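Each chain is listed here by its residues.
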Amino acid sequence: MAKSYVMAVPLTSFNTTGVTANFQAINPNGLPHAVIKLRVINASNILLIFSYDGATDHGVIQPNDVITFDFQSNSSPAGYICNMRKGTVVSVRNPAGAAGVGTGAAYGGVTG
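These numbers come from a predicted model, not from an experiment.

Trainee: Help me out: how do you make sense of the environment of serine 73 in this one?
Mentor: Locating serine 73 in the fold gives a position in the loop between β5 (65-70) and β6 (91-93). Sequence separation between serine 73 and isoleucine 36 is 37 residues; the distance between their C-alpha atoms is 9.0 Å.

Trainee: Even after reading the chapter, I still don't get the sheet that holds strand β3 (residues 48-51), so can you show me in this structure?
Mentor: Whenever strands of a sheet pair, they do so through backbone hydrogen bonds, lying parallel or antiparallel. Sheet architecture is open: four strands sit in the order β1-β6-β3-β4, paired in antiparallel fashion. A single partner strand is all that each edge strand has here, and the edge strands are β1 (24-25) and β4 (59-61). Direction of pairing for β3 relative to β4: antiparallel, over a ladder of three bridges. Pairing of leucine 48 across the sheet is with isoleucine 61, part of β4.

Trainee: Explain a nonpolar patch on the surface here, please?
Mentor: Together, Val6, Ile36 and Ile81 make up an exposed nonpolar region whose accessible area comes to about 310 Å². Counting through the fold element by element, isoleucine 36 comes out in the loop between β1 and β2 (37-42).

Criteria and cut-off values
Residues numbered from 1 in each chain as written. Predicted model: local features only at pLDDT ≥ 70, side-chain atom pairs only at ≥ 80, totals over all residues. Heavy atoms only, no water. Helix = DSSP H or I, 4+ residues; strand = E, 2+ residues; numbered from the N terminus. Pairing = 2+ DSSP bridges. Patch = residues over 30% accessible without salt bridge, like charges linked within 9 Å, V, L, I, M, F, W, Y side chains within 5 Å. Areas by Shrake-Rupley, 256 points an atom, 1.4 Å probe, with all protein chains shown as cover. Salt bridge = Lys/Arg side-chain N within 4 Å of Asp/Glu carboxyl O.

On their own, these measurements won't tell you what the molecule is for.
In structure tokens, the structure reads:
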């Protein structure tokens with residue numbers, strides 16, 4: 001009988017001292033596997049904007065906060081598996097002085 005297991009991906013770390021308004025990769029080698037769950041951990045005392053492509057603002061993470069994306073919880077009713085792609089590089093920037101309200105979202109796509 002085949003079994004499925006959830007395997008852990010090692011934690012990456014990034015020193016936010018000197019983070020600028022330009023995106024800087026927090027996992028420069030990208031995700032080593034397609035992942036079903038992703039956590040962005042901000043253990044610093046500054047607000048950060050994060051991005052999955054190093055160019056687009058995808059979300060905001062408050063100081064000393066964690067955001068968890070559980071891609072499997074919202075998988076399509078057709079039974080497809082939604083994962084964050086292998087190789088995805090997560091980047092952050094400091095939006096010094098920025099304030100406001102915004103939205104962030106993720107969607108499932110099917111590739112052949």
